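Summary of the model geometry
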Amino acid sequence: MRPDLFQSPDYYLLDELLSDEHKMVRDAARAWVKKEVSPIIEEYAQRAEFPHQIVKGLGEIGGFGPYIPVEYGGAGLDQISYGLIMQEIERGDSGVRSTSSVQSSLVMYPIWKYGNEEQRMKYLPKLATGEMIGCFGLTEPDYGSNPGGMVTNFKDMGDHYLLNGAKMWISNAPFADIAVVWAKNEEGRIHGLIVERGMEGFSTPETHNKWSLRASATGELIFDNVKVPKENLLPNKSGLGAPLGCLDSARYGIAWGAIGAAMDCYDTALRYSKERIQFDKPIGATQLQQKKLAEMITEITKAQLLTWRLGVLRNEGKATTAQISMAKRNNVDMALTIARDARQMLGGMGITGEYSIMRHMMNLESVVTYEGTHDIHLLITGMDVTGFPAFK
């Protein structure tokens, strides 16, 4: 395993926009990734296995619901701190960040925002430490970009609900203790239900043969006449806007996370360009390689400014869904382009596990698709600026 020599690029001195707390939180996450993730992640990705031993550390650095209030076990941090933690974790690996994002934005967030006090106290403290792991059930085999078409449903049986259906492409599913599941009631209204492992009829088969997010566990959620206690219904919000509100938080975190992956690819390519000698000089001294590096640092800097501003808007409660979509789409696309260019700079070495670039590139092929595809986010922006929905 090569040593983690990562140095974070800050071409526009953006650290000056961060508070001391922001930098402390980021630096702690960065140090943890260097110590606990970088030395093992290539091996786990090659084996297509999630490194369960890092869960406790993720909790300790605030990787699980850092913005959740302290009284529920969170750190009570702001949105920029959350973003910086996601940036550093994804600098290590997108799959590890997926585990963190799902726990934070898709499990803890809805319980905090849409749950009652009893649910918050029961689940959030254990989720914050990683003692309990959750997953989020929205996507179905036939309904991805159109989640409102879901067929998973529940019926009121008097003293409980009876849940039937299936979800797929669910991060954390194979080992999750709970699932926040979105399903339609008998009137067709979407509600969130907390389904616990061990409930009869609930199974979570793992998805195998992935070429992307190999260090993240992905699976299905199968509900075959699952009896869900009525107290497990999230009471404070229903309709499609409820899960979409969770996705806003998740997409915001991804916008930051993608910068981390891009930074790692850029830093690797820059260092390699200074060491690799061809035709009696470093390849970094050639015009074509300098063009690639100059474009990389420019795009990273633009993404940093875009996302920092979005974080300020999130802190002020002003950020719109469309603004979050723009940042998610732009930053993931940017990271993919940088990963591909960096891979070319490393030549044949770029496809090996000796360097992180090919792993980042494969991971980002999932990130550009989940939490809203690249094209769907373009249409969200298009609808926002024109007023015309073009999804059909």
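Residues numbered from 1 in each chain as written. Predicted model: local features only at pLDDT ≥ 70, side-chain atom pairs only at ≥ 80, totals over all residues. Heavy atoms only, no water.

The name an unreviewed UniProt entry gives the protein chain is glutaryl-CoA dehydrogenase (ETF), with Flavobacterium helocola as the organism. Turning to the protein chain, the UniProt annotation filed under Catalytic activity (unreviewed entry) states: "glutaryl-CoA + oxidized [electron-transfer flavoprotein] + 2 H(+) = (2E)-butenoyl-CoA + reduced [electron-transfer flavoprotein] + CO2". Per UniProt, the protein chain has the following entry under Sequence similarities (unreviewed entry): "Belongs to the acyl-CoA dehydrogenase family." (UniProt positions renumbered as here; feature names shortened; annotations may be inferred.)

**Remarks on the pairing of strand 3 (residues 160–171)**
As defined by bridge partners, strand 2 (residues 153–156) adjoins strand 3 across four bridges and the pair is classed as antiparallel. By the bridge assignment, asparagine 153 is partnered in strand 3 with asparagine 164. If you look at the hairpin formed by strand 2 and strand 3, you'll find three residues sitting between the two strands, and glycine 158 has a positive phi there, around 100 degrees. Pairing of strand 3 with strand 7 (residues 218–229), which is carried by nine bridges, proceeds in the antiparallel orientation. Considered in strand 7, the bridge of glycine 165 is made with phenylalanine 223. (Pairing = 2+ DSSP bridges. Helix = DSSP H or I, 4+ residues; strand = E, 2+ residues; numbered from the N terminus.)

**Here we look at the packing of helix 5 (residues 94–114) against helix 7 (residues 241–275)**
Between helix 5 and helix 7, whose axes approach to 9 Å, the crossing angle comes to 140 degrees. As helix 5 packs across helix 7, the resulting crossing turns out to be right-handed. Between helix 5, through Arg97, Ser105, Leu106, Tyr109, Pro110 and Tyr114, and helix 7, the contact on the second element is made entirely by Gly241, Ala242, Gly245, Cys246, Leu247, Ser249, Ala250 and Ile254. When its residues are assigned to classes, the contact of helix 5 with helix 7 shows nine nonpolar, four polar and one charged. (Axes fitted to C-alpha atoms, helices over the stretch in contact; angles between N-to-C directions. Left-handed = near helix turned anticlockwise from the far one by under 90°. Contact = heavy atoms within 4.5 Å. Nonpolar A, V, L, I, M, F, W, Y, C, P; charged D, E, K, R; others polar.)

**A word on the packing of aromatic side chains**
Applying the stated criterion to the full structure yields 12 aromatic pairs. Pairing phenylalanine 50 with phenylalanine 175 gives two aromatic rings, centres 5.1 Å apart and planes at 20 degrees, and the pair type is stacked. Note that phenylalanine 50 is positioned in the loop between helix 2 (41–47) and helix 3 (55–60) and phenylalanine 175 in the loop between strand 3 and strand 4 (178–184), a separation of 125 residues in sequence. Pair check on accessibility: phenylalanine 50 and phenylalanine 175 agree, each one buried. Their ring planes at 75 degrees and their centres at 5.1 Å tell us that phenylalanine 154 and tyrosine 161 sit as a pair that is edge-to-face. Here the aromatic cluster, defined as three or more aromatic residues joined through ring pairs, consists of Tyr67, Tyr82, Tyr109, Trp112, Tyr114, Phe136, Trp182 and Tyr252. When the ring centre of tryptophan 112 is taken as reference, the NZ or CZ atom of lysine 113 above it lies at 4.5 Å. Across the ring face of tyrosine 252, the terminal group of arginine 314 is positioned such that the distance to the ring centre comes to 5.2 Å. (Phe/Tyr/Trp six-rings, centres within 6.5 Å; stacked < 30°, edge-to-face > 60°. Buried < 20%, exposed > 50% of the residue type's maximum accessible area, 1.4 Å probe, protein only. Lys NZ or Arg CZ within 6 Å of the ring centre and 35° of its normal.)

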